[in-house]
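The chain contents come next:
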Amino acid sequence: MKSLFAILGLAVTLLFYSCGSDVNSGDDKGQNTSILSVDPYKPLSDSINADNKNTELYIRRASLLTRNAEHELAYADLQRAWELSPVEEIAEMKVSSLFMAGRNDKALELLKELTVRFPENTNLKRRLGEALLQNGQYDKALEAYDKMLAEDSLDFEAWFEKAMLYLEKKDTPSALRHLETSFRIQPLQMTALSLANLYAEARDPRSLEMADLVIGRDSVGEMPDPYFIKGIYFANTGNTAKALDQFNQVIKIDWKFQEAYIEKGIIYFDQKNLDEALKQFKLAATVSNTYADAYYWQGRCYEKLGKKEEALSNYAKAYSLDRNFTEAVEAAARVKGEK
């Protein structure tokens, strides 16, 4: 049964249509369009009523709706704008709106049509690759990126996106090769950080070079990420003192950087300094009480300390926050003596 709120929304919709208004135009079936008649949308809606062929008005209202996370209604306005003016810019807006609304399947269908209609638009081709990737169609996504690179081998974004695809497939060597190619063509900070991260996991000292490159470009010193990656590299290579220095620098820049507390705690945990480890994991939980890892690692500490009830409580909390946290389930079973 529909809620009263939905029924009222439908009634408002029918009223507007019966009056010949375009306030609720477009692909908005099932949406609560009544909000379009109140602030902050009312002025634009009134303007649309007065001039319902004005493409710019629909785009402006769609932008406002998007800022307020009303993505379905935003898409409806963009659809109306598209009907009035089917140009590439509006096509790209429609695709973005569908992605933000979580309608990846429809975005994929639309992109297949648009890439045929606008064969020279590289943004649409790139979004098609993203949509295929998000829908788990890895082989087709690879084909899409390969086609783009066949047309332009210097398309650094396509090389980057292809690298991300290989990461999804857990093919790290291929991901590294493609990231390196992207970076050679266009040495962006985002690519440098991605490379630094993969190098750190592989214990490759080039991680430090890439991280320092990013730090050197950060004139205001506000980026914690390169310091965190350096910390991971040092931790992976056994230099825990330098790792702790880097993680402390991360927290100095951004005290809400939860992963830095976790990595510090793991170092202390491995050193059997359980009191200090527990302190760090509790700090991570203080930063965010929905961070599953913080509770899992507290559970590990309590388990080592022989405090079974506290360990089980934290493992249960971790699992309640992340139902895919199988390690927490296994740890709880271990404490209960079931394994």
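Calculation rules
Residues numbered from 1 in each chain as written. Predicted model: local features only at pLDDT ≥ 70, side-chain atom pairs only at ≥ 80, totals over all residues. Heavy atoms only, no water. Axes fitted to C-alpha atoms, helices over the stretch in contact; angles between N-to-C directions. Helix = DSSP H or I, 4+ residues; strand = E, 2+ residues; numbered from the N terminus. Parallel < 35°, antiparallel > 145°, perpendicular 65-115°, else oblique. Left-handed = near helix turned anticlockwise from the far one by under 90°. Contact = heavy atoms within 4.5 Å. Nonpolar A, V, L, I, M, F, W, Y, C, P; charged D, E, K, R; others polar. Expected span 1.5 Å × (residues − 1). Buried < 20%, exposed > 50% of the residue type's maximum accessible area, 1.4 Å probe, protein only. Core = buried A, V, L, I, M, F, W, Y, C linked by side-chain atoms within 4.5 Å. Salt bridge = Lys/Arg side-chain N within 4 Å of Asp/Glu carboxyl O. Phe/Tyr/Trp six-rings, centres within 6.5 Å; stacked < 30°, edge-to-face > 60°. Lys NZ or Arg CZ within 6 Å of the ring centre and 35° of its normal.

A.B. asks: Would you take a moment to explain the packing of helix H15 (residues 258–270) against helix H16 (residues 274–287) for this structure?
C.D. replies: Between two packed helices, the angle of one axis relative to the other and the distance separating the axes together describe the packing. Close contact between H15 and H16 brings their axes to 8 Å; oriented N to C, the two are set at 165 degrees. One way to sum up the angle between H15 and H16 is to call them roughly antiparallel. As for the relative orientation of H15 and H16, their crossing is left-handed in sense. Residues Gln258, Tyr261, Ile262, Lys264, Gly265, Ile266, Tyr268 and Phe269 of H15 lie in contact with H16, whose contacting residues are Leu274, Glu276, Ala277, Gln280, Phe281, Leu283, Ala284 and Val287. Residues belonging to the contact of H15 with H16 are distributed by class as follows: 11 nonpolar, 3 polar and 2 charged.

A.B. asks: Explanation requested: helix H9 (residues 156–168) in the structure shown.
C.D. replies: One turn of an α-helix holds 3.6 residues; hence residues three or four places apart share an orientation. Over its 13 residues, H9 extends 19 Å from the first C-alpha to the last, a length consistent with the 18 Å expected when each residue adds 1.5 Å. Every buried residue of H9 is listed here: Ala158, Trp159, Phe160, Glu161, Lys162, Ala163, Leu165 and Tyr166. In this structure, the buried side of H9 is in contact with helix H7 (122–134), helix H8 (138–151), helix H10 (172–185) and helix H11 (189–201).

A.B. asks: Could you clarify how one ought to interpret the packing of helix H4 (residues 71–84) against helix H5 (residues 88–100) in this entry?
C.D. replies: At a closest axis distance of 9 Å, the pairing of H4 and H5 adopts a crossing angle of 160 degrees. Judged on the interaxial angle alone, H5 and H4 are roughly antiparallel. Judged by the twist between their axes, the crossing of H4 over H5 is left-handed. Residues His71, Ala74, Tyr75, Leu78, Gln79, Ala81 and Trp82 of H4 form the contact with H5, whose own contacting residues are Ile90, Ala91, Met93, Lys94, Ser97, Leu98 and Met100. Taken together, the residues of the contact of H4 with H5 break down into 10 nonpolar, 3 polar and 1 charged.

A.B. asks: What's the story with the nonpolar core in this structure? I'm lost.
C.D. replies: Most often, soluble globular proteins keep nonpolar side chains buried together rather than apart. Core analysis: the biggest nonpolar cluster contains 101 residues, and Leu114, Ile262 and Tyr296 have the highest contact counts within it. Residues contacting Tyr296, with those up to four places away along its chain left out, are Asn314, Tyr315, Ala318, Phe325, Glu327, Ala328 and Ala331.

A.B. asks: Just checking my understanding: could you explain the pattern of salt bridges for this structure?
C.D. replies: Side chains bearing opposite charge may pair, as long as their charged atoms lie close to each other. In the structure shown here, the tally under the stated rule is 12 salt bridges. One salt bridge in this structure joins Asp146 and Lys162, with 2.5 Å as the shortest N-O distance. Remark: Lys162 occurs in helix H9 and Asp146 occurs in helix H8; sequence separation between them is 16 residues. Note that Lys230 and Asp212 form a salt bridge whose closest N and O atoms lie 2.8 Å from each other.

A.B. asks: Would you explain the environment of Ile90 in this entry?
C.D. replies: Tracing the chain through its elements places Ile90 in helix H5. Here Ile90 falls in the buried class, since its relative accessible area comes to 3%. Distance in space between the C-alpha atoms of Ile90 and Glu327 is 46 Å, their sequence separation being 237 residues. With residues near it in sequence (within four places) discarded, Ile90 still touches Thr55, Ile59, Leu78, Ala81, Trp82 and Ser85.

A.B. asks: Got a minute to help me understand the side chain of Ser194 in this structure?
C.D. replies: Within the secondary structure, Ser194 sits in helix H11. A residue is classified by how much of its surface remains accessible, and Ser194, at 17% relative accessible area, is buried. Apart from residues no more than four positions distant in its own chain, Ser194 is found in contact with Phe160, Met164 and Leu179.

A.B. asks: Sorry, what's going on with helix H17 (residues 292–304) here?
C.D. replies: With 13 residues, H17 ought to run about 18 Å at 1.5 Å a step, and its terminal C-alpha atoms sit 19 Å apart, in line with that. By the burial criterion, the buried members of H17 are Ala292, Ala294, Tyr295, Tyr296, Trp297, Gln298, Gly299, Cys301 and Tyr302. Elements in contact with the buried residues of H17: H15, H16, helix H18 (308–321) and helix H19 (326–335). Just downstream of H17 lies Gly306, where phi reads positive at about 80 degrees.

A.B. asks: Even after reading the chapter, I still don't get the environment of Ala107, so can you show me in this structure?
C.D. replies: Note that Ala107 resides in helix H6 (residues 104–117). You can call Ala107 buried: its relative accessible area is 0%. Through-space distance from the C-alpha of Ala107 to that of Leu128 is 8.4 Å; in sequence the pair is 21 residues apart. In this structure, Ala107 is in contact with Leu98 and Phe99, ignoring residues within four places of it in sequence.

A.B. asks: Looking at this structure, I do not really get the packing of aromatic side chains. What am I missing?
C.D. replies: The description of two aromatic rings rests on the distance between their centres and on the angle between their planes. Per the counting criterion, the structure on display carries 9 aromatic pairs. Aromatic side chains Phe228 and Phe247 sit 5.6 Å apart centroid to centroid with 50 degrees between the ring planes, which places their arrangement in the tilted category. Of this pair, Phe228 sits in helix H13 (residues 225–236) while Phe247 sits in helix H14 (residues 240–253), and the two are 19 residues apart along the sequence. In this pair, the class of Phe228 matches that of Phe247, namely buried. Ring pairing ties together the aromatic residues Phe269, Phe281, Tyr296, Trp297, Tyr315 and Phe325, which thus form one cluster. The positively charged end of Arg103 is found above the aromatic ring belonging to Tyr75, 5.9 Å away from the centroid. For the cation-ring pair, Lys317 lies above Tyr295, with the distance from its terminal atom to the ring centre recorded as 5.6 Å.

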